[in-house]
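Chain by chain, the residues run as shown.
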Amino acid sequence: MNNIIIQNYKSPVGDLTLGVFNNQLCLCDWTYRKMRTQIDQRIESFCDSSTTIGSHEILNQCIEQLTEYFEGERTTFNLPLLLCGSDFQKSVWSTLQGINYGETISYSSLSRKRTQNNTSQPSKDIGNSKSPKDVRAVAAANGANALSIIIPCHRVIGSDGSLTGYAGGLRAKEQLLKLEGIDLYNGQRRLF
């Protein structure tokens, strides 16, 4: 049985826990977040595995790419990813990957884009991209993202341009957006 190999990474905006399973990055998440236990349990269940501290080439690549990102030398990531979640969550995370460096999107716009990109039939309960229920479901999937920064959930903001909840905290979200050149205070937000 393969284990999920984890390692910690101290970023300039907070500590991250990284994990790899079957040569794919399955975890790059804030070490001190409210849902830490639930996220870890979901990934362990999805992989039918437990975690162990260790090293791995994918973790080394992730650390190298994160370091380049924080030094302003990288705008995209090139890592094999394992998305551990429901089909709906995966569709949201896939849509998040389409938000370019230095751009932001609102939750309602993310919901619309997910619906446009989703070729499978929407569920009976979640299918109207304009409904508050769908926007809330998209926001919940965004919050369940276990590949923070790599899958850029920090680029999702409120429809009024305000910073809204973020697993790493609003201060980390603000710092990430500033790093990407987004001026949150002088009307330089770009919404889709």
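Within each chain, residue numbers correspond to sequence positions counted from 1 in written order. Selection of residues for local features in this predicted model requires a pLDDT of at least 70, selection of side-chain atom pairs for listing and counting requires 80 or more, and totals for whole chains, interfaces and linings are taken over all residues. No hydrogens and no water enter the side-chain calculation; it runs on all heavy atoms of the structure.

Draft legend 1. Just the nonpolar core, in detail. Throughout, nonpolar core names a set of buried Ala, Val, Leu, Ile, Met, Phe, Trp, Tyr and Cys residues whose side chains join them through atoms within 4.5 Å. For each residue, the accessible area found with a 1.4 Å probe, counting protein chains only, is set against the maximum for its type, and the residue is called buried under 20%, exposed over 50%, and partly exposed in between. Core analysis: the largest hydrophobic core is formed by 38 residues, its most contacted members being Leu25, Leu66, Leu96, Ile149 and Ile150. Among the secondary structure elements, those contributing two or more residues to this core are β1 (4–11), β2 (14–21), β3 (24–30), α2 (57–70), α3 (87–96), α4 (107–117), α5 (132–143) and α6 (170–179). A helix here means a DSSP run of H or I that spans at least four residues, while a strand means a run of E at least two residues long, and both kinds are numbered starting from the N terminus. If one sorts the elements of this core by residue count, α2 sits on top with six residues. Any two residues whose heavy atoms approach within 4.5 Å at even a single point are treated as in contact. For Leu25, the contacting residues outside a window of four places in its chain are Gly19, Val20, Ile58, Leu59, Cys62, Leu79, Pro80, Leu81, Leu82, Leu147 and Ile150. Of all hydrophobic cores here, the second largest spans eleven residues; its members include Ile6, Leu27, Ile43 and Leu82.

Draft legend 2. Seen up close, the layout of surface pockets. By volume, the largest pocket is sized at about 210 Å³. A 1.4 Å probe that fits into a set of points on a 1 Å grid over the protein atoms alone but cannot get out defines a cavity; an open set with protein on both sides within 12 Å along at least five of seven lines defines a pocket, and lining residues are those with an atom within 4 Å of a point. Lining the largest pocket we find 13 residues, and of these Thr76, Phe77, Gln97, Ile150 and Pro152 sit closest to its centre. Gly is put with the polar residues, along with every residue not named as nonpolar or charged; the nonpolar set is Ala, Val, Leu, Ile, Met, Phe, Trp, Tyr, Cys and Pro, and the charged set is Asp, Glu, Lys and Arg. Classifying every residue of the lining of the largest pocket by side-chain character gives eight nonpolar, four polar and one charged. Put simply, the second largest pocket is a space of about 170 Å³. As for the second largest pocket, its lining consists of Arg33, Tyr107, Ala139, Asn142, Gly143, Asn145, Ser148, Cys153, Gly165, Tyr166 and Ala167. The element that contributes the greatest number of residues to the lining of the second largest pocket is α5, accounting for three residues. Residue classes in the lining of the second largest pocket are distributed as five nonpolar, five polar and one charged. Grid points are joined across faces, edges and corners, and a volume is the space filled by probe spheres set on the points.

Draft legend 3. Structural view of empty space enclosed by the protein. Counted according to the given criterion, the structure contains one cavity of 30 Å³ or more. Of the volumes computed, that of the largest cavity is approximately 40 Å³. Along its surface, the largest cavity is lined by Cys26, Arg42, Ile43, Leu82, Leu83, Cys84, Trp93, Asn145, Ala146 and Leu147. For the lining of the largest cavity, the class distribution of residues is eight nonpolar, one polar and one charged.

Draft legend 4. Spatial organisation of the pairing of β3. Buried residues dominate β3, accounting for six of its seven residues. DSSP calls a pair of strands paired once it identifies at least 2 bridges connecting them. Pairing analysis gives six bridges linking β2 to β3, with the strands arranged antiparallel. Looking at the pairing, Leu18 lines up with Cys28 of β3.

Draft legend 5. Seen up close, the confidence of the model for the protein chain. pLDDT is defined as a per-residue confidence score from the predictor, taking values between 0 and 100. In the predicted model, the protein chain carries a mean pLDDT of 87, and the fraction of residues at 70 or more is 86%. Between the elements of the protein chain, mean pLDDT differs from a low of 77, seen in α4, to a high of 98, seen in α2. Note that residues 119–129 has pLDDT below 50 and, in this model, 15 contacts with residues that lie over four places away or in other chains. Throughout residues 187–192 the model reports pLDDT below 50, and contacts reaching past four residues in sequence, or to other chains, amount to 21 contacts.

Draft legend 6. Representation of the pairing of β2. β2 sits mainly inside the fold: six of its eight residues count as buried. Pairing of β1 with β2, which is carried by seven bridges, proceeds in the antiparallel orientation. Bridge assignment links Gln7 to a residue of β2, and that residue is Leu18. Connecting the antiparallel pair β1 and β2 is a turn made up of two residues. In sequence, β2 turns back onto β3 through a hairpin of two residues, with Asn22 there showing a positive phi of about 50°.

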